[in-house]
Amino acid sequence: MTGVQTCALPISVSFIGGVILFSEALHTINVLGVVLIIGGSFIVLSDGRPELPKEFGAIKYMFFSGATGAISALIAKKSTSMIDPFNLALLMYIFAALSLIIYNFTYNYEKQVNTIKTVLQNKNILIILYFTTLFASLGTLSYYSALLLGDASKVIPSLISISTLFVLFIGGKTFHEKYFIQRLLGSLIIITGIYGLYI
């Protein structure tokens, strides 16, 4: 269920934020679309037991992640009017890397050094990191390009829900997960919600 909360919050915040901050058009069918996307995501990401996490710490981090993700996307939307998507993605990764390096070397210096040594000595980890970085970079570039071309209140919820669908199909096939029919129904609801956003 952790995915459900982290999915619903950024969808809601980005939709409301896009409408308020950028004066984007809002129709009843768009609101219904968002509700369907959140409901479909709930079905797709639940495991048949729709329970809230028992640990408060997990809930705290989920809501923080969802809120910061939505705020980041809204700022990116504003930035695309001044910086092209490629350079925006490049600058974002540079500043993110510098921030994490400074933090890790300040508070976890020994652990950071050991991690770097382990990574450099293991070719398998390097290959995994390369492909992870490649796909993450392409995804971020595509994300910012979509924000440049469309409304934040439509693009961000749609992209989050499309990610949810990939979790369903790739995760379901790769890890042989259960509740496939339930999640397929959720996917159809998400697709209907995306359609409602763009009417």
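On to the environment of leucine 88. With respect to the helices and strands, leucine 88 occurs in helix H4 (residues 85-107). Sequence separation of leucine 88 and alanine 76 is twelve residues, and the distance between their C-alpha atoms is 7.9 Å. Among residues more than four places away in sequence, those in contact with leucine 88 are Ala76, Ser79, Thr80, Ile83 and Tyr144.

Bringing the packing of aromatic side chains into the picture now. Evaluation of the coordinates by the stated rule reveals four aromatic pairs. Consider the rings of tyrosine 103 and tyrosine 107, whose centres lie 5.0 Å apart with planes at 40°: the pair is tilted. Within this pair, tyrosine 103 and its partner tyrosine 107 are both found in helix H4, separated by four residues, close to a single helical turn. Tyrosine 103 gets classed as partly exposed once you look at its relative accessible area, which sits at 45%.

A separate point is the packing of H4 against helix H5 (residues 109-121). Contact pair H4 / H5: the axes reach a minimum separation of 5 Å and the direction vectors enclose 120°. For the element pair H4 / H5, the angle class is oblique. Here Asn104, Phe105 and Tyr107 of H4 come into contact with H5, specifically with Tyr109, Gln112, Val113 and Ile116. Class assignment of the residues belonging to the contact of H4 with H5 gives a composition of five nonpolar, two polar and no charged.

Running from N to C, H4 and helix H6 (residues 123-149) point in directions that differ by 130°, and their axes come no closer than 9 Å. One finds that H4 runs oblique with respect to H6. For the pair H4 and H6, the crossing hand works out as right-handed. Mapping the contact onto sequence places Pro85, Phe86, Leu88, Ala89, Met92 and Tyr93 in H4 and Ala136, Ser137, Thr140, Leu141, Tyr144, Ser145 and Leu148 in H6. The residue makeup of the contact of H4 with H6, split by class, is ten nonpolar, three polar and no charged.

Looking now at unusual backbone geometry. Phi at serine 23 takes a positive value of approximately 50°, unusual for a residue other than glycine. In this structure, serine 23 sits in the loop between helix H1 (2-22) and helix H2 (28-45).

About the thresholds
Residues numbered from 1 in each chain as written. Predicted model: local features only at pLDDT ≥ 70, side-chain atom pairs only at ≥ 80, totals over all residues. Heavy atoms only, no water. Helix = DSSP H or I, 4+ residues; strand = E, 2+ residues; numbered from the N terminus. Contact = heavy atoms within 4.5 Å. Phe/Tyr/Trp six-rings, centres within 6.5 Å; stacked < 30°, edge-to-face > 60°. Buried < 20%, exposed > 50% of the residue type's maximum accessible area, 1.4 Å probe, protein only. Axes fitted to C-alpha atoms, helices over the stretch in contact; angles between N-to-C directions. Parallel < 35°, antiparallel > 145°, perpendicular 65-115°, else oblique. Nonpolar A, V, L, I, M, F, W, Y, C, P; charged D, E, K, R; others polar. Left-handed = near helix turned anticlockwise from the far one by under 90°.

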